[in-house]
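The residues making up each chain are set out below.
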Amino acid sequence: MTATPSLAGHMALHGVDHTARPTWKLRETVEFYRDILGLKLVHAITAKGWGREKEEHADFIHFFFDSGKESCIAFFYYIGTQQPPELVVPKGYMAMANHTAWRVETEEELLIWQKRLEEKGVKVSQFVKHEILESIYFRDPNFYPLEITRSLRDMEALDAVDAEMTITAALSLEDSKRWTNIEQLWRAKADFVRKRQQEAETRVAS
Amino acid sequence: MSGFYVLDVAEFDPLIRAAEQHRDCRVHPVIAGYRYVEFDGTIEITRESTGLGEAVWFGCLTAGLDGKITSFTSQAIKLAPTNEPVLGVQEMRA
């Protein structure tokens, strides 16, 4: 019997290979990503379904645009199908949570992207600074939300400590079944931060 | 004691600077990555006094609150002491 190799200490992800979503606007999607954004079309798969006849899987094209650092944004075009209503991107902030954010390195690069999008007739937001990122926002022809962002500072070990306390407090609130607002979280989290400070002071004193 | 915690990272520095200038706030030194901004009674901090953009402003209490929010708008936040139980923490303590 072969022992399962241990992955402990060796298991890691190495960035995004690709993300993918369906489109029912082939021409507009190609024109947007290839011609407006200028992303290189780098790969396309065409296939007779996946051989999944029971599902009546449509024949399709699966095509990839290079989005830098060996990552791609990809699409499926299902030939001869209609877009199911549940896959129409809804308006409103909740559906915007499902988005792609690409990285640039400098403010100048962000400005160049903003200008290019505006010149090409794409409605694009102003710069928005949100904690460790500064971003512009826009939509593709499928109404998929897109973001281009630059990092304002590196994430520190303290950010992870803080995130852990936030999520631990949030999980306890979710379990309570009575969680309705952010004030409840902030009050619960204060308890974790206070304990962290007390433990640090105890260590210093001892 | 009423107050709020502030994570010791760059984007929240303007909040600390505003609290240091606020007559009703006492800013404690950094311990384990957090400052405590203590206040007595009710206080109001205006966004203008911090110079924060809205995105960070609306998350400015993310490190924790000992107190109660009586008003939170894009212009100002008003905080007050409270004895109301803390949801979640009470269940964990029980």
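All values reported here derive from a predicted model rather than from experimental measurement.

K.L.:
Mind laying out the overall build of chain A, listing which residues take part and the relevant values?
P.N.:
Looking only at helices and strands, chain A features five helices and eight strands. The secondary structure elements of chain A, listed N-terminal to C-terminal, are β-α-β-β-β-α-β-α-β-β-β-α-α. Compactness check: chain A gives a C-alpha radius of gyration of 23 Å against a globular reference of 17 Å for 206 residues, more than 25% above the reference. Each of the three principal axes of chain A carries a C-alpha extent, and together these read 70 × 60 × 40 Å. Evaluated residue by residue, chain A yields a buried proportion of 17% over its 206 residues.

K.L.:
Which residues make up the packing of helix 4 (residues 157–176) of chain A against helix 5 (residues 182–205) of chain A, and what are the values?
P.N.:
Residue and element names in this part refer to chain A. One can describe the packing of helix 4 onto helix 5 by two numbers: an axis separation of 9 Å at closest approach and a directional angle of 125°. Judged by the angle between their axes, helix 4 and helix 5 are oblique. Between helix 4 and helix 5 the crossing geometry is right-handed. Within the contact between the two elements, helix 4 uses Met165, Thr166, Thr168, Ala169, Ala170, Ser172 and Leu173 and helix 5 uses Gln184, Leu185, Ala188, Lys189, Phe192 and Val193. Looking at the contact of helix 4 with helix 5, its residues break down into eight nonpolar, four polar and one charged.

K.L.:
So what's going on with the interface of chain A and chain B? Which residues, and what values?
P.N.:
Interfaces are often described in size by the accessible area the parts lose on coming together. Taken residue by residue, the interface counts 29 residues in chain A and 27 residues in chain B. Among the secondary structure elements, those contributing two or more residues to the side of chain A that touches chain B are strand 6 (128–130), helix 4 and helix 5 of chain A. Looking at which element gives the most residues to the side of chain A that touches chain B, the answer is helix 5 of chain A, with 13 residues. Here the residues of the side of chain A that touches chain B are counted per class, giving twelve nonpolar, five polar and twelve charged.

K.L.:
Now, about the confidence of the model for chain B: what can you tell me, with residues and values included?
P.N.:
Across chain B, pLDDT averages 93, with 94% of residues at or above 70. Two numbers describe this predicted complex: its pTM, 0.89, and its ipTM, 0.94.

K.L.:
So what's going on with helix 1 (residues 26–36) of chain A? Residues and values would help.
P.N.:
Residue and element names in this part refer to chain A. For helix 1, every residue scored as buried is listed here: Thr29, Phe32 and Tyr33. The buried residues of helix 1 occupy an angular sector of 80° when the element is viewed end-on, so they sit on one face. Residues of helix 1 that are exposed and point more than 90 degrees away from the buried face comprise Arg27 and Asp35. Check the buried side of helix 1 and you find it contacts strand 1 (18–23), strand 3 (60–66) and strand 4 (72–78). Directly after helix 1, the chain includes Gly38, whose backbone phi takes a positive value near 80°.

K.L.:
Which residues make up the sheet that holds strand 6 (residues 68–72) of chain B, and what are the values?
P.N.:
Note: strands within a sheet are paired through backbone hydrogen bonds, in either parallel or antiparallel orientation. Residues and elements named next belong to chain B. Pairing is antiparallel in the open sheet, where three strands are placed in the order 4-7-6. Either end of the sheet is taken by a strand with one partner, and the two such strands are strand 4 (43–46) and strand 6. Within this sheet the neighbouring strands show an average axis-to-axis angle of 20°, counted without direction. Here strand 6 runs beside strand 7 (residues 76–80); their pairing, made up of four bridges, is antiparallel. Its bridge partner lying in strand 7, Ile69 is registered against Leu79.

K.L.:
Mind laying out the domain arrangement of chain A, listing which residues take part and the relevant values?
P.N.:
When cut into domains, chain A gives domain 1 (15–88), domain 2 (89–154) and domain 3 (157–197). If you average the C-alpha positions of domain 2 of chain A and of domain 3 of chain A, the two centres end up 29 Å apart.

K.L.:
Give a detailed account of the nonpolar core, specifying residues and quantitative values.
P.N.:
In this structure, A:Val193, B:Tyr5, B:Val6, B:Leu15 and B:Tyr34 are the most contacted members of the largest nonpolar core, which totals 33 residues. For this core, the secondary-structure elements that each account for two or more residues are helix 4 and helix 5 of chain A together with strand 1 (2–7), helix 1 (13–21), strand 3 (34–39), strand 4 and strand 7 of chain B. Sort the elements by how many residues they give to this core and helix 5 of chain A lands first, with six residues. For B:Tyr34, the contacting residues outside a window of four places in its chain are A:Val193, A:Gln197, B:Tyr5, B:Val6, B:Leu7, B:Asp8 and B:Ala63.

Cut-offs used in this document
- Residues numbered from 1 in each chain as written.
- Chains lettered and ligands numbered in written order.
- Predicted model: local features only at pLDDT ≥ 70, side-chain atom pairs only at ≥ 80, totals over all residues.
- Helix = DSSP H or I, 4+ residues; strand = E, 2+ residues; numbered from the N terminus.
- Rg over C-alpha atoms; globule rule 2.2 N^0.38 Å.
- Buried ≥ 20, exposed ≤ 12 C-beta atoms within 10 Å, placed from the backbone.
- Axes fitted to C-alpha atoms, helices over the stretch in contact; angles between N-to-C directions.
- Parallel < 35°, antiparallel > 145°, perpendicular 65-115°, else oblique.
- Left-handed = near helix turned anticlockwise from the far one by under 90°.
- Contact = placed C-beta atoms within 7 Å.
- Nonpolar A, V, L, I, M, F, W, Y, C, P; charged D, E, K, R; others polar.
- pLDDT = per-residue confidence, 0-100.
- Arc of directions from axis to C-beta.
- Pairing = 2+ DSSP bridges.
- Domains from an automatic or database assignment.
- Core = buried A, V, L, I, M, F, W, Y, C linked by C-beta atoms within 7 Å.

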